[in-house]
Amino acid sequence: MRSDSGLSVGQRFRQLRETRFGAFVPVMLALIAIWIYFGIAEPAFLSPRNFYFLFMQSAVVGTLAVGITLVLLLGDIDLSAAATAGVCAAVLAVLIVMGIPGPLACLAAMLTGIILGFVQGWLVAYVGIPSFVVTLAGLLGFQGLMLKILGAQGAVNMRDPFVRSLTTVSLPPMLGWAVAIVCIVVFAVVVLRRQSQRRQRGVELESALALWGQIGFFALILLAVVMTLNSYKGVPLLVILLVGLTALLGWITTSTPFGRSLYAVGGNAESARRVGMNVNYIRIAAFAIVGLMAAVAGILGASRYASVSFNAFAGGPLLLEAIGAAVIGGTSLFGGRGSVWNAILGALVIGSLGNGLDLSGASAADKLMFSGAILLLAVAIDALSRAGSTQQR
Amino acid sequence: MSSTAAVVGHQSPPAHLQVTGIGKSFGGVEALREVDFEVARGEVMALVGDNGAGKSTLMKVLAGAIAADQGSFRMDGEPVSVATPLDATALGIQIVYQDLALCENLDVSANLSLGAEPLKPGWTFLPRFLRPIDEIEMEVKAKAAIDRLQVRTLRSVRAKVGGLSGGQRQAIAIARAVGAESSVVLLDEPTAALGVAQTRQVLDVVKRLRDTGHAVVYISHNLRDIFEVADRICVLRHGANVATWRTSDTTPDEIVVAMTRGLEEGSDDAI
Ligand SMILES: Nc1ncnc2c1ncn2[C@@H]1O[C@H](COP(=O)(O)OP(=O)(O)OP(=O)(O)O)[C@@H](O)[C@H]1O
Ligand SMILES: [Mg+2]
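Remember, predicted model here, so these are calculated numbers, not experimental data.

Some words on the overall build of chain B
Line of reasoning, step 1. Helices and strands together make up the secondary structure of chain B, namely nine helices and ten strands.
Line of reasoning, step 2. Its C-alpha atoms give chain B a radius of gyration of 19 Å, near enough to 18 Å, the size a compact globule of 271 residues would have.
Line of reasoning, step 3. Taken along its principal axes, the extent of the C-alpha atoms in chain B is 65 × 40 × 35 Å.
Line of reasoning, step 4. Residue burial in chain B is summarised as follows: out of 271 residues, 45% are buried.
Line of reasoning, step 5. Considering only intrachain contacts with a sequence separation of at least 6, the fraction spanning at least 24 residues in chain B is 66%.

Considerations on the overall build of chain A
Line of reasoning, step 1. From N to C terminus, chain A includes 17 helices and two strands.
Line of reasoning, step 2. Since a compact globule built from 393 residues should have a radius of gyration of about 21 Å, the 21 Å found for chain A is in line with a globular shape.
Line of reasoning, step 3. In terms of its C-alpha atoms, chain A occupies a principal-axis envelope of roughly 70 × 55 × 45 Å.
Line of reasoning, step 4. Here chain A holds 393 residues, and 46% of them are scored as buried.
Line of reasoning, step 5. If you take every contact in chain A between residues at least 6 apart in sequence, the share linking residues at least 24 apart comes to 79%.

So, the domain arrangement of chain B
Accessible area lost on assembly of the parts is the figure often given for the size of an interface.
Residues and elements named next belong to chain B.
Line of reasoning, step 1. Partitioning chain B into domains gives domain 1 (1-92 + 182-271) and domain 2 (105-181).
Line of reasoning, step 2. Contacts between the two partners involve twelve residues from domain 1, matched on the other side by eleven residues from domain 2.
Line of reasoning, step 3. The element contributing the most residues to the side of domain 1 that touches domain 2 is helix α7 (residues 196-211), with five residues.
Line of reasoning, step 4. Here the residues of the side of domain 1 that touches domain 2 sort into seven nonpolar, five polar and no charged.

Looking at the interface of chain A and chain B
Line of reasoning, step 1. Contacts between the two partners involve 27 residues from chain A, matched on the other side by 30 residues from chain B.
Line of reasoning, step 2. Those elements giving two or more residues to the side of chain A that touches chain B turn out to be α8 (173-201), α10 (237-255), α11 (257-267) and α12 (269-274) of chain A.
Line of reasoning, step 3. Considering every element that reaches the side of chain A that touches chain B, the biggest residue donor is α11(A), with seven residues.
Line of reasoning, step 4. For the side of chain A that touches chain B, the per-class residue count stands at eight nonpolar, twelve polar and seven charged.

Some thoughts on the site of ligand 1
Residues and elements named next belong to chain B.
Line of reasoning, step 1. In the vicinity of ligand 1, the residues found are Phe26, Val29, Ala31, Gly49, Asn51, Gly52, Ala53, Gly54, Lys55, Ser56, Thr57 and Gln98.
Line of reasoning, step 2. Mapped by element, the contributors of at least two residues to the shell around ligand 1 are β2 (29-40) and α2 (55-62).
Line of reasoning, step 3. Per-element accounting of the shell around ligand 1 gives the leading share, three residues, to α2.
Line of reasoning, step 4. Looking at the shell around ligand 1 residue by residue, the class counts come to four nonpolar, seven polar and one charged.

Some points on the sheet that holds strand β5 (residues 78-80) of chain B
All names here are of chain B.
Line of reasoning, step 1. Read across the sheet, four strands follow the order β2-β1-β4-β5 without closing on themselves; strand pairing throughout is antiparallel. In this open sheet, the two edge strands, each paired with only one partner strand, are β2 and β5. Each strand of the sheet is rotated relative to its neighbour by a mean of 25°, with strand direction disregarded.
Line of reasoning, step 2. Pairing analysis gives three bridges linking strand β4 (residues 70-75) to β5, with the strands arranged antiparallel. Each residue of the ladder has a partner; that of Arg74, found in β5, is Pro79.

Digging into the pairing of strand β10 (residues 240-246) of chain B
Residues and elements named next belong to chain B.
Line of reasoning, step 1. In terms of burial, β10 is largely enclosed, as five of its seven residues are buried.
Line of reasoning, step 2. Looking at chain direction, strand β9 (residues 232-237) and β10 are connected through six bridges and run antiparallel. Counted as the bridge partner of Cys234 is Thr244 from β10.
Line of reasoning, step 3. Connecting β9 to the next strand, β10, in antiparallel fashion are two residues, including His238 with a positive phi near 50°.

Re helix α5 (residues 135-149) of chain B
Residues and elements named next belong to chain B.
Line of reasoning, step 1. With 15 residues, α5 extends 21 Å between its outermost C-alpha atoms, agreeing within 8% with the 21 Å of an ideal straight helix rising 1.5 Å per residue.
Line of reasoning, step 2. Regarding α5, the residues found buried are Glu135, Met138, Glu139, Lys141, Ala142, Lys143, Ala145 and Ile146.
Line of reasoning, step 3. Once α5 ends, the next one or two residues include Gln150, with phi positive near 55°.

Structural notes on the packing of α10(A) against helix α16 (residues 340-359) of chain A
All names here are of chain A.
Line of reasoning, step 1. Running from amino to carboxyl end, α10 crosses α16 at an angle of 140°, the nearest separation of the two axes being 8 Å. When the interaxial angle is binned, α10 and α16 end up oblique. On α16, the residues touching Thr246, Leu249, Gly250 and Thr253 of α10 are Val340, Trp341 and Ile344.

As for the sheet that holds β10(B)
Residue and element names in this part refer to chain B.
Line of reasoning, step 1. Strand order in this open sheet of six strands is β6-β7-β8-β3-β9-β10, and the pairing throughout is mixed. Bordering the open sheet on either side are β6 (93-96) and β10, each of which pairs with just one other strand. Neighbouring strand axes in the sheet, compared pairwise and without regard to direction, differ in orientation by 15° on average.
Line of reasoning, step 2. Inspection of the sheet shows strand β7 (residues 184-188) paired to strand β8 (residues 215-219) by five bridges, in the parallel sense. Note on β8: the bridge partner recorded for Val184 is Ala215.
Line of reasoning, step 3. Across the sheet, helix α6 (residues 166-179) touches β6 and β7, and the angle it forms with β6 is around 175°.
Line of reasoning, step 4. Its contacts with the sheet put α7 on β3 (43-48), β7 and β8, and the angle it makes with β8 is roughly 155°.

Quick notes on the nonpolar core
Line of reasoning, step 1. Among the nonpolar cores identified, the biggest contains 189 residues, and Leu64(A), Ala89(A), Leu92(A), Ile299(A), Ala322(A) and Leu186(B) are the most heavily contacted of them.
Line of reasoning, step 2. Counting residues per element, this core draws most heavily on helix α13 (residues 279-305) of chain A, at 17 residues.
Line of reasoning, step 3. The two domains that each donate at least three residues to this core are domain 1 (1-92 + 182-271) and domain 2 (105-181) of chain B.

Some points on the packing of helix α4 (residues 81-97) of chain A against helix α5 (residues 102-127) of chain A
Residue and element names in this part refer to chain A.
Line of reasoning, step 1. It is at 9 Å that the axes of α4 and α5 come closest, and there the two elements cross at 150°. In terms of axis orientation, α4 runs roughly antiparallel to α5. Of the two elements, α4 crosses α5, and the hand of that crossing is right-handed. Contact residues: α4 offers Thr84, Val87, Cys88, Ala89, Val91, Leu92, Leu95 and Ile96, while α5 offers Gly102, Ala105, Cys106, Ala108, Ala109, Thr112, Gly113, Leu116 and Gly117.
Line of reasoning, step 2. Classifying every residue of the contact of α4 with α5 gives twelve nonpolar, five polar and no charged.

Let's talk about unusual backbone geometry
Most peptide bonds adopt trans geometry, and most residues besides glycine take a negative phi value.
Residue and element names in this part refer to chain B.
Line of reasoning, step 1. Unusually for a residue other than glycine, Asp76 sits at a positive phi of about 50°.
Line of reasoning, step 2. Structurally, Asp76 is set in the loop between β4 and β5.
Line of reasoning, step 3. Residue Asp76 is classed as exposed on the basis of its C-beta count, with 12 C-beta atoms lying within 10 Å.
Line of reasoning, step 4. The phi torsion at His238 lies on the positive side, around 50°, for a residue other than glycine.
Line of reasoning, step 5. Secondary-structure assignment places His238 in the loop between β9 and β10.

Let's talk about the confidence of the model for chain B
Residues and elements named next belong to chain B.
Line of reasoning, step 1. Across chain B, the average pLDDT comes to 88, with 93% of residues at 70 or higher.
Line of reasoning, step 2. Element-level mean pLDDT values for chain B span from 42 in helix α1 (residues 2-11) up to 96 in β8.
Line of reasoning, step 3. In this model residues 1-10 is a low-confidence stretch, pLDDT under 50, and it forms ten contacts with partners more than four residues away in sequence or in other chains.
Line of reasoning, step 4. Confidence estimates for the predicted assembly give a pTM of 0.90 and an ipTM of 0.88.

Cut-offs used in this document
- Numbering of residues begins from 1 in every chain and follows the order in which that chain's sequence is written.
- In the order they appear in the text, chains get letters beginning with A and ligands get numbers beginning with 1.
- In keeping with the model being predicted, local features are shown solely for residues with a pLDDT of at least 70 and side-chain atom pairs are shown and tallied solely at 80 or more, while totals for entire chains, interfaces and linings include all residues.
- Comment: elements are numbered from the N terminus, with helices defined as DSSP H or I runs of at least four residues and strands as E runs of at least two.
- Based on C-alpha atoms, the radius of gyration is set beside the globule rule, defined as 2.2 Å times the residue count to the power 0.38.
- Three exposure classes are used, based on other C-beta atoms lying within 10 Å of a residue's own C-beta, which is placed from the backbone: buried for 20 or more, exposed for 12 or fewer, and partly exposed in between.
- A residue pair is marked as a contact if its C-beta atoms, positioned from the backbone, fall within 7 Å.
- For the domains described, the bounds stem from an automatic or database domain assignment.
- Just so you know the grouping, Ala, Val, Leu, Ile, Met, Phe, Trp, Tyr, Cys and Pro go in nonpolar, Asp, Glu, Lys and Arg go in charged, and all remaining residues, Gly too, go in polar.
- Any residue whose C-beta atom, as placed from the backbone, lies within 6 Å of a molecule or strand is termed near it.
- The pairing criterion is simple: DSSP has to find at least two bridges between the two strands.
- Every angle, taken between N-to-C directions, lies between 0 and 180 degrees, and every axis is a line fitted to C-alpha atoms, over only the stretch in contact when it is a helix.
- By definition here, a helix of n residues has an expected span of 1.5 Å times n minus one.
- With respect to orientation, any angle under 35 degrees is reported as roughly parallel, any angle over 145 as roughly antiparallel, any angle of 65 to 115 as roughly perpendicular, and every other angle as oblique.
- A set of buried Ala, Val, Leu, Ile, Met, Phe, Trp, Tyr and Cys residues, joined to one another through C-beta atoms within 7 Å, is what we call a nonpolar core.
- With the far helix as reference, a near helix turned anticlockwise by less than a right angle produces a left-handed crossing, and one turned clockwise produces a right-handed crossing.
- One number per residue, pLDDT, summarises how confident the predictor is, and it ranges from 0 to 100.

What follows is the structure, given as structure tokens:
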């Protein structure tokens with residue numbers, strides 16, 4: 001290893017991005033910049049109450065974005081995710097109106113999502129239709145399906161206490177702190193144990209700075225979030241659910257052979273095939289997982305708006321925000337690069353923009369143009385920072 | 001080439017991997033026509049031919065990456081079927097593809113274990129593809145494989161392959177094939193992107209594989225390298241066999257003629 005003294009800022013930035021947590025940096029910076037800007041322009045933006053609503057608002061987009069990240073990793077796209085969420089929410093609503101208990105109806109909605117994703121994945125993998133076309137057809141078809149299920153009025157109220165509780169319950173402050181501290185301890189133990197195992201086996205170690213930086217950073221963020229939320233209503237159950245789901249998918253994508261194969265197929269599908277990976281199964285599984293995440297998003301949406309309406313899911317804004325969130329998070333549209341955690345940050349960026357512009361009384365026109373500009377900026381930063389490190393893509 | 005096969009029988013070591021009558025068409029292009037090929041343990045079989053002669057296609061067929069339209073496989077005399085890459089791996093066939101088949105978005109150690117990631121012990125309640133990968137074991141193996149090839153310029157096994165030079169990538173592809181358990185190693189132009197010193201390393205690796213009882217197939221356009229390492233040389237032309245020579249019984253000129261014009265009238269040196 002040579003010393004780092006002679007490196008330019010650009011090189012340092014690139015080095016940083018190559019590390020395990022480096023991919024967070026650009027989104028993180030963007031998020032902080034947005035918060036500072038709106039914090040100055042509109043002090044109410046930084047109030048605990050507003051953050052609480054920010055997290056709640058971003059949850060549905062975040063859930064969808066996390067799911068979509070999986071197919072983006074493959075180099076595919078899912079344009080039907082929001083419509084799938086709509087169909088699943090409609091199934092949920094209708095089942096509950098029929099008197100089926102909430103938890104059971106949620107399972108049925110999730111199963112619906114998995115089936116819709118599976119069918120689309122099968123069409124992409126085995127029939128060989130580009131995912132763009134399959135899911136565009138899905139987008140149209142599922143919106144129609146949703147209308148059919150909801151019936152003529154196009155909206156059903158959601159009064160089921162179980163479903164409502166998903167987005168209305170918050171943890172008592174003490175429990176919030178306890179969860180945060182347990183998470184920090186577990187994180188620290190995992191990181192430190194990995195380091196000691198690396199030392200034992202004599203492989204490259206992470207620098208002490210990176211090691212403690214990770215732990216400190218994680219602890220700082222978690223404690224800050226819990227403190228902010230506790231000074232309003234407490235940590236929402238929704239946030240715990242979303243973070244838990246993301247952690248699970250994050251672990252699957254980075255640490256298991258299945259996750260590795262997602263990246264491999266996205267990087268070079270032919271190579272993946274030649275080392276014996278079943279590319280078709282992997283595609284179908286990824287689409288099925290998006291379907292499942294879309295169903296979860298549908299359930300959360302139904303719970304949050306206390307109703308299932310055509311307009312909440314159809315039309316496009318939800319889908320575009322979800323894809324935008326994944327891309328702003330740094331997930332490549334060409335496949336092979338990205339992470340589910342970044343999708344959450346991307347969703348917060350989009351949510352913060354919407355929320356901040358609302359607070360400062362911006363018009364719908366301003367909001368749309370602003371979001372477009374941010375999306376473009378994020379992709380441009382990504383393209384530029386990559387141009388230096390690899391030649392292609 | 002039935003006469004060739006008959007002679008090979010008593011002059012050469014018994015074939016470890018043997019294919020006969022391999023045919024493969026891509027649409028209208030007949031890439032391979034009734035090709036016979038064999039390689040024994042402890043020998044280096046060179047495969048030469050002009051561009052488009054069908055060398056890479058034959059290697060992909062042997063590695064299960066493409067399925068032949070017709071033809072049969074034998075391993076130590078037993079009929080086997082190689083329809084998928086997993087079949088080939090299970091039979092101990094490893095390959096360095098001409099296009100390397102690396103994933104540029106993954107790091108060196110991930111590429112070296114691709115498709116065969118070492119898993120942490122335990123976790124048996126999960127299906128295999130959802131068990132945690134043992135990253136440390138993976139890096140240890142990667143380091144060992146890289147060190148064996150002495151790729152001195154490679155700084156870290158955690159570097160992304162997309163940021164490496166062509167030669168470093170080639171070294172990684174070779175390390176992947178050589179590092180795995182195998183009895184047959186197929187090398188499709190492994191030195192095309194390598195410098196003089198690295199080419200020497202690869203030739204040494206090839207000799208070492210031969211000395212450890214592997215069956216090695218070596219494709220190259222560099223006849224000097226071929227005459228240095230190969231025990232036998234098989235020439236393909238327009239997707240068909242020309243003949244197979246014992247290296248000691250032939251000359252580069254004769255091979256060049258066979259590659260470009262086929263077998264000359266009156267040439268009887270082919271075994
Ligand atoms: N996937 C494919 N689709 C269509 N044609 C192919 C394909 N792969 C190979 N071919 C054709 O098969 C023939 C043999 O190709 P192959 O790659 O085996 O040649 P080669 O001997 O390896 O040549 P080189 O020395 O240039 O590597 C060529 O005519 C080529 O155009
Ligand atoms: Mg070739």
